[in-house]
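Architecture at a glance
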Amino acid sequence: MTSDHDFSVIVKEFAERVYNHAYRMLGSRENAEEATQDVFLKIHKGLINFRGDAQISTWIWRITTNVCLTRLANKTKNTFPVEYDPINEIADDNRTANPEKIFLCREDHEELARSINKLSPKEAAAITLFYLEDMNYTEISDILEIPMGSVATVLHRGREKLRALILKSEGIKL
Amino acid sequence: MTCENFQQELNLLLDKGSAKALPDEMQNHLSTCSHCNGYRNSILSLHEQLSLIPRAKPSKGLMNQLLSIETTVNEIPALLSWKYDVKRALIFLSPIVLIFLSNYLPTLVGTLINLGILTAGLVFILTTILKPMFFSRY
């Protein structure tokens, strides 16, 4: 095991990013903490056999995404935080008259982030990797193990759903 | 250009980071379509807002737990190894001790001890020779 692959170095370098990714995908701190622990246990277990065929960061992101996807598949939507209500039917008349201004007025990024876990697991993963981790199509395609063309489609669909969710929460018809 | 094409192209440009300067064909469509104008503004804004989402930070407790994974996981085999070695030593030494004692004790007790020696021998064979052949150490 080289110093680059030293477990404590990996924890220090990736823990915050892995947790952030899990939190944005899973939508609650408790789930994100459990997922982060799972991820690092898998990393610790697999590190000795890591052959370096892929970059270590790609390998870590693949583990992270798979852990989150498995958790999302295993848990029902009811386990997500109950305090989050995606549809607030109260609409402002001025906003209704000018839907394209909605996003410009919106300052609550946290609420937008919480909307991410309303997407399908693959869309949530792609949106999180693209926007929060600044990854490109190639990297996302490697991590999600889907063709490059599908990355564009998944991102497009994810954005469309987020846009629809937010407009709906503001009581605006598309 | 249809609205659907415009929206697809716009999303691709958005991903490439060049959605602010549109090609002529898209610009022409935009000048005649109010729906796509609204769509462009909202999707650009969403794109910008998504890039501004703040990072969620893990608690110190979680960081400590993660850093302790290595110590905890490494300690378990070491502990098992130590216990395993003591067990082997006891099994190996017990027949010698029992044979030694049987020479100095009455017949009945001596017979029981001999049975004990046989049992210990069997346990020794099962745990140290046969078991590792079929099961891993941990």
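Up top you'll find the structure we're talking about.
1. A few points about the environment of A:Arg24
Mapping A:Arg24 onto the fold places it in helix α1 (residues 7-26). For A:Arg24, a count of 25 C-beta atoms within 10 Å translates into the label buried. Remark: the alpha-carbon pair of A:Arg24 and A:Ile127, spanning 103 residues in sequence, is separated by 9.6 Å. For A:Arg24, the contacting residues outside a window of four places in its chain are A:Ala113, A:Ile116, A:Thr128, A:Leu132 and B:Ala56.

2. Remarks on the interface of chain B and chain A
Counting from both sides, the interface comprises 28 residues of chain B and, opposite them, 33 residues of chain A. Going through the elements one at a time, α1 (3-16), α3 (34-51) and α4 (60-102) of chain B are the ones with two or more residues in the side of chain B that touches chain A. Per-element tally for the side of chain B that touches chain A: the top contributor is α3(B), with nine residues. By residue class, the composition of the side of chain B that touches chain A is 15 nonpolar, nine polar and four charged.

3. Observations concerning unusual backbone geometry
Residues and elements named next belong to chain A. Backbone geometry at Asp134 places phi at a positive 55°, although glycine is not the residue there. Its location among the elements puts Asp134 in the loop between α7 (121-132) and α8 (137-144). The backbone of Glu145 sits at a positive phi, close to 55°, despite the residue not being glycine. Secondary-structure assignment places Glu145 in the loop between α8 and α9 (148-169).

4. Brief notes about the environment of A:Arg159
Its location among the elements puts A:Arg159 in helix α9. Sequence separation of A:Arg159 and A:Ala124 is 35 residues, and the distance between their C-alpha atoms is 9.7 Å. In this structure, A:Arg159 is in contact with B:Asn11, B:Ile43 and B:Leu46, ignoring residues within four places of it in sequence.

5. Details of the environment of A:Pro121
Residue and element names in this part refer to chain A. Looking at the element boundaries, Pro121 is found in helix α7. For Pro121, a count of 18 C-beta atoms within 10 Å corresponds to the partly exposed category. For the pair formed by Pro121 and Met25, sequence separation is 96 residues and the distance between their alpha carbons is 7.5 Å. Not counting residues within four places of it along the chain, the set of residues in contact with Pro121 comprises Leu69, Leu72 and Ala73.

6. With respect to the packing of α1(B) against α3(B)
Residue and element names in this part refer to chain B. One way to put it is that α1 packs onto α3 with a least axis distance of 11 Å and a crossing angle of 20°. In terms of axis orientation, α1 runs roughly parallel to α3. Here α1 and α3 pass one another in a crossing that is right-handed. Along the contact surface, α1 presents Cys3, Phe6, Gln7, Leu10 and Leu14, while α3 presents His35, Cys36, Tyr39, Arg40, Ile43 and His47. Residues of the contact of α1 with α3, tallied by class, amount to seven nonpolar, three polar and one charged.

7. A look at the nonpolar core
All names here are of chain A. One finds Ala22, Leu26, Cys68, Ala126, Ile127, Phe130 and Ile140 to be the most contacted residues of the largest nonpolar core, which totals 51 residues. Tallying contributions element by element places α1 first for this core, with 11 residues. Leave out the neighbours within four places in its chain, and Ala22 touches Ala32, Ala35, Thr36, Thr64 and Cys68.

8. Overview of α1(B)
Taking 1.5 Å per residue as the helical rise, α1(B) with its 14 residues ought to reach 20 Å, and the 20 Å between its terminal C-alpha atoms agrees with that figure. Within α1(B), the full set of buried residues consists of B:Phe6, B:Leu10 and B:Asn11. The buried residues of α1(B) occupy an angular sector of 130° when projected down its axis, which confines them to one face. Away from its buried face, by an angle of more than 90 degrees, α1(B) presents the exposed residues B:Glu4, B:Asn5 and B:Lys16. On its buried face, α1(B) sits against α9 of chain A together with α2 (24-32) and α3 of chain B. Trailing α1(B) by a residue or two, B:Gly17 shows a phi angle of about 80°, which is positive.

Cut-offs used in this document
Residues numbered from 1 in each chain as written. Chains lettered and ligands numbered in written order. Predicted model: local features only at pLDDT ≥ 70, side-chain atom pairs only at ≥ 80, totals over all residues. Helix = DSSP H or I, 4+ residues; strand = E, 2+ residues; numbered from the N terminus. Buried ≥ 20, exposed ≤ 12 C-beta atoms within 10 Å, placed from the backbone. Contact = placed C-beta atoms within 7 Å. Nonpolar A, V, L, I, M, F, W, Y, C, P; charged D, E, K, R; others polar. Axes fitted to C-alpha atoms, helices over the stretch in contact; angles between N-to-C directions. Parallel < 35°, antiparallel > 145°, perpendicular 65-115°, else oblique. Left-handed = near helix turned anticlockwise from the far one by under 90°. Core = buried A, V, L, I, M, F, W, Y, C linked by C-beta atoms within 7 Å. Expected span 1.5 Å × (residues − 1). Arc of directions from axis to C-beta.

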